[in-house]
Amino acid sequence: MTRKIADCRKYPSETNCSLVISGEEDEVVRAASEHAVSVHGHEDSPELRSRIRTMLEDERVSV
């Protein structure tokens, strides 16, 4: 299974957040949702989780 990443650095924020979350897709969506709520003030909702899921990228594997 391909690991996914969510990278806050790719999206402007007032805090200039630099957090990167990686793992299996469902883990990353859950952690990124919790982060978006607790740090960025978003409201947890199915729409937020869906939007986060579309923003995930495959993690590059270094060889």
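Cut-offs applied
- Residues numbered from 1 in each chain as written.
- Predicted model: local features only at pLDDT ≥ 70, side-chain atom pairs only at ≥ 80, totals over all residues.
- Heavy atoms only, no water.
- Salt bridge = Lys/Arg side-chain N within 4 Å of Asp/Glu carboxyl O.
- Helix = DSSP H or I, 4+ residues; strand = E, 2+ residues; numbered from the N terminus.
- Buried < 20%, exposed > 50% of the residue type's maximum accessible area, 1.4 Å probe, protein only.
- Axes fitted to C-alpha atoms, helices over the stretch in contact; angles between N-to-C directions.
- Parallel < 35°, antiparallel > 145°, perpendicular 65-115°, else oblique.
- Left-handed = near helix turned anticlockwise from the far one by under 90°.
- Contact = heavy atoms within 4.5 Å.
- 1 Å grid on protein atoms, 1.4 Å probe; cavity = no way out; pocket = protein on both sides within 12 Å on 5 of 7 lines; lining within 4 Å.
- Points joined across faces, edges and corners; volume = space filled by probe spheres on them.
- Nonpolar A, V, L, I, M, F, W, Y, C, P; charged D, E, K, R; others polar.
- Pairing = 2+ DSSP bridges.

## Regarding the pattern of salt bridges
Stage number 1. Per the counting criterion, the structure on display carries seven salt bridges.
Stage number 2. The partner of Asp26 in a salt bridge is Arg53, and the shortest N-O contact between them spans 3.3 Å. Of this pair, Asp26 sits in helix 1 (residues 25-38) while Arg53 sits in helix 2 (residues 46-55), and the two are 27 residues apart along the sequence.
Stage number 3. Residue classification places Asp26 among the exposed residues on the basis of a relative accessible area of 51%.
Stage number 4. Given the relative accessible area of 35%, Arg53 is considered partly exposed.
Stage number 5. Across the pair Arg49 and Asp44 runs a salt bridge, and its minimum N-O distance is 3.1 Å.

## Quick notes on the packing of helix 1 against helix 2
Stage number 1. Put simply, helix 1 and helix 2 touch, their axes get as near as 9 Å, and they point 120 degrees apart. It follows that helix 1 is oblique to helix 2 by the angle criterion. The element helix 1 and its partner helix 2 pack so that their crossing is right-handed. Every residue of helix 2 that contacts helix 1 at Glu25, Asp26, Val29, Arg30, Ala32, Ser33, Ala36 and Val37 is listed here: Leu48, Arg49, Ile52 and Arg53.

## Notes on the layout of surface pockets
Stage number 1. Taken as a whole, the largest pocket holds about 420 Å³ of empty space.
Stage number 2. What lines the largest pocket is a set of 20 residues, and nearest its centre among them are Cys8, Tyr11, Ala36, Ile52 and Met55.
Stage number 3. Of all the secondary-structure elements, those providing two or more residues to the lining of the largest pocket are strand 1 (4-7), helix 1 and helix 2.
Stage number 4. Here the element with the most residues in the lining of the largest pocket is helix 2; it accounts for four residues.
Stage number 5. Residue classes in the lining of the largest pocket are distributed as twelve nonpolar, four polar and four charged.

## Overview of the pairing of strand 2 (residues 20-23)
Stage number 1. Side-chain alternation along strand 2 places Ile21 and Gly23 on a buried face and Val20 and Ser22 on a face that remains uncovered.
Stage number 2. Bridge count between strand 1 and strand 2: four bridges; the pairing is antiparallel. Bridged to Lys4 within strand 2 is Gly23.

## Let's talk about the sheet that holds strand 2
Stage number 1. Read across the open sheet, the three strands follow the order 2-1-3; overall the sheet is antiparallel. Of all strands in the sheet, those bounded by a partner on one side alone are strand 2 and strand 3 (57-58).
Stage number 2. On top of the sheet, helix 1 reaches strand 1 and strand 2; it is set at about 150 degrees to strand 2, its chief contact.

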